[in-house]
Amino acid sequence: MALVSAKQMLEKARDGKYAVGQFNINNLEWTKSILQTAQELNSPVILGVSEGAGKYMTGFKTVTAMVKAMIEEMNITVPVALHLDHGSYEGCYKCIEAGFSSIMFDGSHFPIDENIAKTKELVKVCAEKGLSLEAEVGSIGGEEDGVIGQGECADPDECKKIADLGVDILAAGIGNIHGKYPANWTGLRFDVLEAIKKKTGDMPLVLHGGTGIPTDMIKKAISLGVAKINVNTECQLAFQEATRKYIQEGKDLVGKGFDPRKLLAPGAQAIKDTVKEKMEIFGSISKA
Ligand code: 13P
């Protein structure tokens with residue numbers, strides 16, 4: 001199956017009261033593990049690519065070529081969207097050119113008028129090319145590629161302004177944070193989520209910072225209109241832990257342990273396990 005825009009799969013998720021996972025990719029093993037799991041579980045999936053990860057993989061064109069080829073070589077038939085995560089204005093255009101099927105323009109750090117002007121322009125370009133467009137209001141806390149947000153809550157009126165521009169998906173800060181949640185985290189602000197939902201109507205909403213949010217909060221967020229949940233750190237931690245264990249046990253020194261395919265295998269399996277667990281919680285299994 002060719003890459004698809006995220007619009008249709010997220011509208012289906014919103015109507016079916018489940019969420020599609022966006023799992024960020026960093027390299028071939030990450031991508032393969034996520035695609036394999038989605039196919040095995042018959043789940044739609046969104047592959048997220050941050051600008052930093054794109055740079056690491058030598059550029060967005062490499063990423064698109066790799067993902068498209070993997071879909072073909074692995075006989076992936078479930079819907080897959082290739083999505084720019086927290087794109088800058090310039091990054092959005094690079095990904096459009098490189099053949100991504102979905103982009104996020106993170107204009108949350110611009111004054112609202114500038115965010116609106118740039119989003120409006122991207123709405124037009126994405127509609128012409130059949131890409132889905134995610135916009136963000138209210139910066140998500142934590143650190144993402146060196147940028148530290150404050151974990152603020154979005155203003156529901158600003159959310160409506162951006163939603164009315166014709167974006168397909170809206171990320172709104174509701175106390176969520178990228179990376180690990182601090183011990184004194186007070187939880188998601190469901191009152192804010194409800195107010196945003198009221199103002200934005202049918203718009204599928206996105207929950208960033210999916211790592212470490214308790215399952216009951218995830219389920220409540222889905223019941224209130226969240227149709228896409230982003231997970232990155234949890235896959236990184238799972239990969240790191242599995243690799244560390246493998247090396248500490250000296251398994252990399254046994255037999256053909258020098259083979260990078262062997263060294264990366266436990267981490268790849270850990271990503272598969274994490275993605276499976278998340279898809280179960282999000283309810284996207286068998287929804288392809
Ligand atoms: P986590 O790293 O907290 O899982 O968040 C991922 C994310 O929101 C990417 O945009």
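Residues numbered from 1 in each chain as written. Predicted model: local features only at pLDDT ≥ 70, side-chain atom pairs only at ≥ 80, totals over all residues. Heavy atoms only, no water.

1. What about the overall build of the protein?
Logical step 1: Assigned secondary structure in the protein consists of 11 helices and 10 strands.
Logical step 2: By the compact-globule yardstick of 19 Å for 288 residues, the protein fits well, its C-alpha radius of gyration being 18 Å.
Logical step 3: Overall size of the protein, expressed as C-alpha extent along the three principal axes, is 60 × 45 × 35 Å.
Logical step 4: Taking contacts inside the protein between residues at least 6 apart in sequence as the whole, the part at least 24 apart equals 71%.
Logical step 5: On the protein, roughly 12,900 Å² of surface is accessible, and the fraction owed to carbon and sulfur atoms is 53%. (Helix = DSSP H or I, 4+ residues; strand = E, 2+ residues; numbered from the N terminus. Rg over C-alpha atoms; globule rule 2.2 N^0.38 Å. Contact = heavy atoms within 4.5 Å. Areas by Shrake-Rupley, 256 points an atom, 1.4 Å probe, with all protein chains shown as cover.)

2. A short note on the site of the ligand
Logical step 1: The environment of the ligand is made up of 14 residues, and the closest members are Asp85, Gly179, Gly209, Thr211 and Thr233.
Logical step 2: Taking glycine 179, its main chain carries an N or O atom lying 2.8 Å from an oxygen atom of the ligand.
Logical step 3: The protein chains hide 99% of the 310 Å² of surface that the ligand would expose on its own.
Logical step 4: For the shell around the ligand, the elements supplying multiple residues, two or more each, are strand S3 (80-87) and strand S10 (226-231). (Near = heavy atom within 4 Å. Polar contact = N/O pair within 3.5 Å; in protein donor to acceptor, adjacent residues only side chain to side chain.)

3. Points about the environment of proline 44
Logical step 1: Note on placement: proline 44 falls in the loop between helix H2 (28-41) and strand S2 (45-50).
Logical step 2: For the pair proline 44 and serine 286, spaced 242 residues apart in sequence, the C-alpha separation works out to 8.5 Å.
Logical step 3: Look past the residues within four positions of proline 44 in its chain and what remains in contact with it is Met9, Val20, Pro79, Met279, Ser284, Lys287 and Ala288.

4. Let's talk about unusual backbone geometry
The bulk of non-glycine residues show a negative phi, and the bulk of peptide bonds are trans.
Logical step 1: Positive phi, close to 55 degrees, is recorded for asparagine 42, a residue that is not glycine.
Logical step 2: Despite not being glycine, asparagine 75 has its phi angle at roughly 55 degrees, a positive value.
Logical step 3: By secondary structure assignment, the location of asparagine 75 is in the loop between helix H4 (60-73) and S3.
Logical step 4: Residue asparagine 75 is classed as exposed on the basis of its relative accessible area of 59%. (Buried < 20%, exposed > 50% of the residue type's maximum accessible area, 1.4 Å probe, protein only.)

5. Focus on the pattern of salt bridges
Logical step 1: Here the structure, examined in full by the defined rule, presents 16 salt bridges.
Logical step 2: The salt bridge involving aspartate 157 is made with lysine 199; its shortest N-O contact spans 2.8 Å. Note that aspartate 157 is positioned in helix H7 (residues 156-163) and lysine 199 in helix H8 (residues 190-200), a separation of 42 residues in sequence.
Logical step 3: By relative accessible area, aspartate 157 is classed as partly exposed at 45%. (Salt bridge = Lys/Arg side-chain N within 4 Å of Asp/Glu carboxyl O.)

6. A word on H8
In an α-helix, one turn spans 3.6 residues; hence positions three or four apart end up facing the same way.
Logical step 1: Within H8, the full set of buried residues consists of Phe190, Val192, Leu193, Ile196 and Thr200. An end-on view of H8 places all buried positions within 155 degrees of arc, on one side of the element.
Logical step 2: Contact partners of the buried residues in H8: H7, strand S8 (169-172), strand S9 (205-207), helix H9 (215-223) and S10.
Logical step 3: One or two residues past the end of H8 sits glycine 201, with phi positive at roughly 60 degrees. (Arc of directions from axis to C-beta.)

7. Considering the sheet that holds S8
Logical step 1: A barrel is described by the order of its strands in space; here eight strands give the closed sequence S1-S2-S3-S4-S5-S8-S9-S10, paired in parallel fashion. With direction set aside, neighbouring strand axes in the sheet form an average angle of 25 degrees.
Logical step 2: By the bridge criterion, four bridges tie strand S1 (residues 20-24) to S10 in an arrangement that is parallel. Pairing of glutamine 22 across the sheet is with asparagine 230, part of S10.
Logical step 3: The strands that H4 touches are S2 and S3; relative to S3, the one it contacts most, it runs at about 160 degrees.
Logical step 4: Contacts from helix H11 (residues 260-282) reach S1, S2 and S10 within the one sheet, and its direction differs from that of S1 by about 155 degrees. (Pairing = 2+ DSSP bridges. Axes fitted to C-alpha atoms, helices over the stretch in contact; angles between N-to-C directions.)

8. Re the pairing of strand S5 (residues 132-137)
Logical step 1: When you tally the buried positions in S5, you get six out of six residues, the bulk of the element.
Logical step 2: Where burial is concerned, the two faces of S5 agree: the one with Ser132, Glu134 and Glu136 and the one with Leu133, Ala135 and Val137 are both buried.
Logical step 3: In terms of strand pairing, strand S4 (residues 102-105) meets S5 through four bridges, oriented parallel. Each bridged residue has a counterpart across the sheet, and for isoleucine 103 the counterpart in S5 is leucine 133.
Logical step 4: Looking at chain direction, S5 and S8 are connected through four bridges and run parallel. For alanine 135, the partnering residue across the bridge sits in S8 and is leucine 170.

9. Some thoughts on empty space enclosed by the protein
Logical step 1: This model, assessed by the stated rule, comprises one cavity of 30 Å³ or more.
Logical step 2: Residue lining of the largest cavity: Ala172, Ile174, Leu193, Ile196, Leu205, Val206, Leu207 and Val226, and that is the complete set.
Logical step 3: Secondary-structure elements contributing two or more residues to the lining of the largest cavity are H8 and S9.
Logical step 4: The greatest single-element share of the lining of the largest cavity, amounting to three residues, is contributed by S9.
Logical step 5: Within the lining of the largest cavity, the residues separate by chemical class into eight nonpolar, no polar and no charged. (1 Å grid on protein atoms, 1.4 Å probe; cavity = no way out; pocket = protein on both sides within 12 Å on 5 of 7 lines; lining within 4 Å. Points joined across faces, edges and corners; volume = space filled by probe spheres on them. Nonpolar A, V, L, I, M, F, W, Y, C, P; charged D, E, K, R; others polar.)

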